[in-house]
Amino acid sequence: MHSRAVFSNQIVPLLGRAIQIANPSKIVVVTDDNTSKHCLPLLKEIPFDLHYELKSGEANKTVGAYLELVEYLMQHKLDRNTLLIALGGGMVTDLVGYAASTYKRGIRYINVPTSLLGMVDASIGGKTGVDHQSIKNIIGSIYPPFAILSNAAFLKTLPVIELQSGWAEVVKHLLLANQTIPTQIPDMDNDSIAHWSSIKHKIVLSDPYEKNKRLALNAGHTVGHALESIMIHNNHHLPHGHAVAAGLLIESNITKDEYNDAWAYDQLVDAVPAVFSKIQIKAADIPTILQFMSHDKKNQHNDIKCALIKAKGEAWVTTVNLDVMENALLKYINS
Ligand SMILES: NC(=O)c1ccc[n+]([C@@H]2O[C@H](COP(=O)([O-])OP(=O)(O)OC[C@H]3O[C@@H](n4cnc5c(N)ncnc54)[C@H](O)[C@@H]3O)[C@@H](O)[C@H]2O)c1
């Protein structure tokens, strides 16, 4: 049920073939304002029936935007055999996937990720969703796409800050696969991206409903999501991966100090600052950051649950004490 992502410079015939197999009544391509301009022209030979454009950016991954898309599908009287094609980064694939999972109790969708983060992470594994009241992905579902197809050529127009954002998820995957982390973002092609995405795909296949092994993919995300949430709350744009990179570093410091295992920290201490600027948070932000963490979906009761990474990329989920978390955030702020 969880298909592998295919990366190829022959994306048009591959997408054409997937559409032929799906045999839909109508095809709706959904983009955001950037991917309409930069990515849709690369698919001009695909016979879409309708094109719907979302406003770009995480601030638009909302219940309102989701409802507007559903209302558009209703207005066009689209039936259960409609195929949605999500052409964009993780914001587009998450929102379109959620609309597909709920419209008429579920229609098919194909992910065509166009950002590095979308290619190696967001488009894979079937997690869909929207944010609400500054809480990331609080409304969502697990609903795998019919296919995932992409081409490294889309990345030519991706802003550097967004390429860096995707790199954070590559770093996480390399850690979990016990592979070396380059200190600079390397040149990338379809083969390297396919390799990074396959690390996530294998983990998802081993645990599709996130009961155990898949929880490892949340490494860096307890802290990362809370940092992202505080930035949304303070009206600052912080690409997801930049928050995750800081989250990986802060969480690895906890593994080092509390569990006497510096393996992940040693790998990240130079590799993260080499690519990512420090996130501008202040000690006064910590109570709000901790409050955001208490909303994390991994938590039960009021504990803060983190997926920490120990030697050789082995991960485990543990409860982190509030004081320990506060201390780790302070260390990052003062570093
Ligand atoms: N479902 C999952 O498993 C999962 C995993 C990780 C992240 N996510 C979600 O993914 C989102 C982040 O994804 P993202 O970083 O791709 O964000 P995004 O979709 O907002 O894309 C980032 C920016 O890049 C632009 N863009 C995308 N492709 C482009 C291209 N080829 N050329 C020019 N501009 C382009 C977008 O318009 C946007 O402005 C978050 O909402 C996060 O929660 C989901």
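Every value quoted in this text rests on a predicted model; they were computed, and no experiment measured them.

Some details on the domain arrangement of the chain
For an interface, size is often stated in terms of accessible area lost upon the parts coming together. In terms of domains, the chain is made up of domain 1 (5-157) and domain 2 (160-334). Between the C-alpha centres of domain 1 and domain 2 the distance comes to 26 Å. Listed by partner, the interface residues are 22 residues for domain 1 and 33 residues for domain 2. Scanning the region where domain 1 abuts domain 2 turns up 4 salt bridges. Residue Lys-172 pairs with Asp-121 through a salt bridge whose shortest N-O separation is 3.7 Å. Where domain 1 meets domain 2, there are 7 residue pairs in polar contact (both at pLDDT 80 or more). Among the elements that make up the side of domain 1 that touches domain 2, the one with the highest residue count is helix 5 (residues 116-122) (5 residues). Partitioned by chemical class, the residues of the side of domain 1 that touches domain 2 number 11 nonpolar, 7 polar and 4 charged.

As for the site of the ligand
The environment of the ligand is made up of 27 residues, and the closest members are Asp-32, Glu-58, Ser-115, Lys-136 and Thr-157. Measuring from an oxygen atom of the ligand, one finds a side-chain N or O atom of Asp-32 at 2.6 Å. Lys-136 places a polar side-chain atom, nitrogen or oxygen, 2.7 Å from an oxygen atom of the ligand. For the shell around the ligand, the secondary structure elements donating two or more residues are helix 2 (33-38), helix 4 (90-102), helix 5 and strand 7 (135-142).

Describing the nonpolar core
Core analysis: the largest hydrophobic core is formed by 60 residues, its most contacted members being Leu-15, Ile-85, Leu-116, Ile-193 and Trp-196. Here this core gathers at least three residues from each of two domains, domain 1 (5-157) and domain 2 (160-334). Counting residues in each nonpolar core, the second largest holds 28 residues, with Ile-286, Met-293, Leu-329 and Ile-333 among its members.

Definitions and limits used
- Residues numbered from 1 in each chain as written.
- Predicted model: local features only at pLDDT ≥ 70, side-chain atom pairs only at ≥ 80, totals over all residues.
- Heavy atoms only, no water.
- Domains from an automatic or database assignment.
- Contact = heavy atoms within 4.5 Å.
- Salt bridge = Lys/Arg side-chain N within 4 Å of Asp/Glu carboxyl O.
- Polar contact = N/O pair within 3.5 Å; in protein donor to acceptor, adjacent residues only side chain to side chain.
- Helix = DSSP H or I, 4+ residues; strand = E, 2+ residues; numbered from the N terminus.
- Nonpolar A, V, L, I, M, F, W, Y, C, P; charged D, E, K, R; others polar.
- Near = heavy atom within 4 Å.
- Core = buried A, V, L, I, M, F, W, Y, C linked by side-chain atoms within 4.5 Å.
- Buried < 20%, exposed > 50% of the residue type's maximum accessible area, 1.4 Å probe, protein only.

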